[in-house]
2 protein chains.
Amino acid sequence: MTEIGYLGPKGTFTKLAVDTAFGDEKKQSFQTIAECIDAVDNGTIDIGVVPLENAIEGTVQITVDYLIHQVRLPVVSEIVVPIQQHLLVRKDFDGKLSDIQEVHSHSHAIAQCHQFLHQNLSHAGTVFSTSTGRAAEIVSERNEPIAAIGNKLAASEYGLQIYKANIHDYPNNHTRFLVLTKNRDLVQIKHEAHLERTTLLIGLPSDKPGALHQILSAFSWRKMNLSKIESRPTKTGLGNYFFIIDVDQPYDNVLFPGVKAELEALGCEVTILGTYPVYHMNI
Amino acid sequence: MTEIGYLGPKGTFTKLAVDTAFGDEKKQSFQTIAECIDAVDNGTIDIGVVPLENAIEGTVQITVDYLIHQVRLPVVSEIVVPIQQHLLVRKDFDGKLSDIQEVHSHSHAIAQCHQFLHQNLSHAGTVFSTSTGRAAEIVSERNEPIAAIGNKLAASEYGLQIYKANIHDYPNNHTRFLVLTKNRDLVQIKHEAHLERTTLLIGLPSDKPGALHQILSAFSWRKMNLSKIESRPTKTGLGNYFFIIDVDQPYDNVLFPGVKAELEALGCEVTILGTYPVYHMNI
């Protein structure tokens, strides 16, 4: 049976992404992104799902850095889920907002609900937890008028009720997750893909004005649409950096090899990190 | 007396940056980045210091999003500190690495020391805390053979000893912090600035191929060197995004107004987030 690893604990947004995208495969929780990626690399699990962008419990930098510097695994899919934060309380809580004494959650989730907390729960203390899932667990264990901020999966995993839904400040927040595996055939996501994407890493030989402009010319004159570009320092020293570029089209045998050849002629190092379908999930 | 707010608790990398850059001003810790920025905005404190990039206890997204969407405060300085992670134990611990049963830290710090932990402390459990400072506090309170990962400030704040220094996987990791204030004259950093930087936000009218290439042309033909570029989704919907661009030169009355006028003619929205000195700290 296919085994899927994810950044845990249960009740986090990564678990929500895994449950939404996959079926009844065996699922295993990992404490860190690095452990999850290592487990795919050494064959302990078949598929790893890790946060890439706008994550609550994870961070972009660690995922990308680890994939670039430590373990080069193919990206075979991307899963996008909306961030919907709810105020969760125990099922036996029948008080008002003003009765809530503490709000527990991961600091990033608390930050995402800053306006709501400021307007409605400024009397309550905020207590940071290591994840939104852990916050829900704490609330489930304590017989006190406290609340957690987390998603609906955290509510169901820990038997909590949603006291107030969608308390996040911005409606259009999303988290992107990468699906990593050495065996692409194992990944069967029963949804329709939103689009096809190709991610490239482009290393610059040196830090010179206009280099990025030259790089983008190679994409621009081919009318290839970049949906993301990010410069990142390399780990070898200040001043050197590389770019992560998302192109919203699948890898092909004409345009991408052409771009790669042109950039290599400029002295760049070009790596295709993956070409994969992107799934937008409704949760 | 000038009051400086920072993302706490004590013993974190933000506090280390504040202590290194400033003198004996009054310092106040905040639980979240949003609270710290709000306090500068409403005048409770004079200066706020928040992490911008590669942070351990914070995240880039929250700082940038909050500055763009909620509170527009001038960036007046940037402080760069190297990330140096140490293995911290109580002063009365005289055992070996193999005696250590648990390692406490923020999940990002644990991820940054992944190789060291894997090679030397694979027998020990890892326990996540809400910050590296909090991890040091936990170790200081418990009479058990456990360790924390944190910086040298965490060691001194909580009376711990550095059992093994510099256990982070990459030597060239840095964290960038922004100094925010409405009164630039209050910020007196007694170090020599490494360079001058100007940060721009550039909003695109629509998502079309080649738009970024056009934007960069305006900088490129003026030989203005971009040290960072990052595309970010706006909060108003999928498909719309803007760019954050760092130019490593101070704002002037010829080049920057020229760029701004050209980009506005293309339909872009251009905002100067700040023009400020960058200080590289040796800690």
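What counts, and at which threshold
Residues numbered from 1 in each chain as written. Chains lettered and ligands numbered in written order. Predicted model: local features only at pLDDT ≥ 70, side-chain atom pairs only at ≥ 80, totals over all residues. Heavy atoms only, no water. Axes fitted to C-alpha atoms, helices over the stretch in contact; angles between N-to-C directions. Helix = DSSP H or I, 4+ residues; strand = E, 2+ residues; numbered from the N terminus. Parallel < 35°, antiparallel > 145°, perpendicular 65-115°, else oblique. Left-handed = near helix turned anticlockwise from the far one by under 90°. Contact = heavy atoms within 4.5 Å. Nonpolar A, V, L, I, M, F, W, Y, C, P; charged D, E, K, R; others polar. Buried < 20%, exposed > 50% of the residue type's maximum accessible area, 1.4 Å probe, protein only. Arc of directions from axis to C-beta.

Enquirer: Help me out: how do you make sense of the packing of helix α8 (residues 211-220) of chain A against helix α8 (residues 211-220) of chain B in this one?
Expert: For any two helices packed against each other, the geometry is given by the interaxial angle and the distance between the axes. Relative orientation of the contacting elements α8 of chain A and α8 of chain B amounts to 150°, with a least axis distance of 9 Å. By the criterion of interaxial angle, the relationship of α8 of chain A to α8 of chain B is roughly antiparallel. Our pair here, α8 of chain A against α8 of chain B, has a crossing hand that is left-handed. Every residue of α8 of chain B that contacts α8 of chain A at Leu 212, His 213, Leu 216, Ser 217 and Ser 220 of chain A is listed here: Leu 212, His 213, Leu 216, Ser 217 and Ser 220 of chain B. Of the residues in the contact of α8 of chain A with α8 of chain B, the class split is four nonpolar, six polar and no charged.

Enquirer: What is the right way to look at helix α9 (residues 255-265) of chain B in this model?
Expert: Count 3.6 residues to each turn of an α-helix, and residues three or four apart come out pointing the same way. Residue and element names in this part refer to chain B. Taken residue by residue, α9 has Phe 256, Gly 258, Val 259 and Leu 263 as its buried positions. Axial view of α9: buried residues confined to an arc of 160°, hence all on one face. For α9, the elements touching its buried residues are β11 (195-203), α8, β13 (241-247) and β14 (269-280). In the segment just after α9, Gly 267 is the residue with positive phi, at about 95°.

Enquirer: Sorry, what's going on with α8 of chain A here?
Expert: Among the 10 residues of α8 of chain A, eight are classified as buried, and the element is accordingly described as predominantly covered. Among the residues making up α8 of chain A, those that are buried are Ala 211, Leu 212, His 213, Ile 215, Leu 216, Ala 218, Phe 219 and Ser 220 of chain A. Along its buried surface, α8 of chain A packs onto β11 (195-203), β12 (226-233), β13 (241-247) and α9 (255-265) of chain A together with α8 and β12 (226-233) of chain B.

All quantities given are derived from atomic positions and should not be read as evidence of function.
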